[in-house]
Amino acid sequence: MNGVILRWPVPIGTTINAHYYKKVLQDKLRPAIRKKRPGLLESGILFHYDNAPVHTARAVTDILAGHKWELLKHPRYSPDFAPCDFHLFPKMKEHLRSQRFETEEDIIQATKVAIKNLDKCSYITAFKDWLQRIEKCANNGGCYVE
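Below or above, wherever it landed, is the structure these notes cover. (Residues numbered from 1 in each chain as written. Predicted model: local features only at pLDDT ≥ 70, side-chain atom pairs only at ≥ 80, totals over all residues. Heavy atoms only, no water.)

Moving on: helix α6 (residues 104-116). The end-to-end C-alpha distance of α6 is 19 Å, a good match for the 18 Å that 13 residues give at a rise of 1.5 Å each. Taken residue by residue, α6 has I108, A110, T111, A114 and I115 as its buried positions. The arc enclosing the buried residues of α6, seen along the axis, measures out at 165°, which places them on a common side. (Helix = DSSP H or I, 4+ residues; strand = E, 2+ residues; numbered from the N terminus. Expected span 1.5 Å × (residues − 1). Buried < 20%, exposed > 50% of the residue type's maximum accessible area, 1.4 Å probe, protein only. Arc of directions from axis to C-beta.)

Shown next, in the form of structure tokens:
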């Protein structure tokens, strides 16, 4: 809720599989949490993402369990419950709209700026909206209706 902890561009040609994702969690995300949110690793982390095979692979869930990071359940095929899909990506698109990029590095830098331009209030709004969407789904017997 306090902003992006890690922005990690996947190198061109890289296959995102359980092994790759596990390495990012261990070697990139965990150190980023330690640096940007001191104390959070000890107080507990709630982890939320969709049910993509790379996210649900045994190697990945074992890492989460080993770090004692709590994994929040995500209903099957529910893009309406992914804050990145309904909040972060549309906000980034607003910032990046009408721009032309010469290099991959230009895209990465523009993305960094777009993320940095999001204020704390924006993240709080996203998570409140996320909770409302989940409650709406629960109140509709597991079906989400926009």
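Of all hydrophobic cores here, the largest spans 16 residues; its most connected members are Y21, L25, L29, I33, F47 and W69. With five residues, the top contributor of residues to this core is helix α1 (residues 18-36). Not counting the four nearest positions on each side in its chain, L29 is found in contact with I5, L6, V24, F47 and W69. (Core = buried A, V, L, I, M, F, W, Y, C linked by side-chain atoms within 4.5 Å. Contact = heavy atoms within 4.5 Å.)

Before going further, it helps to spend a moment on the environment of Y20. Relative to the helices and strands, Y20 is located in helix α1. Taking the C-alpha atoms as reference points, Y20 and V60, 40 residues apart in sequence, are found 9.7 Å from one another. Excluding residues that lie within four positions of it along the chain, Y20 makes contacts with W8, V10, P11, T14 and T15. Only 2.8 Å separates the side chain of Y20 from the side chain of W8, close enough to count as a polar contact. (Polar contact = N/O pair within 3.5 Å; in protein donor to acceptor, adjacent residues only side chain to side chain.)

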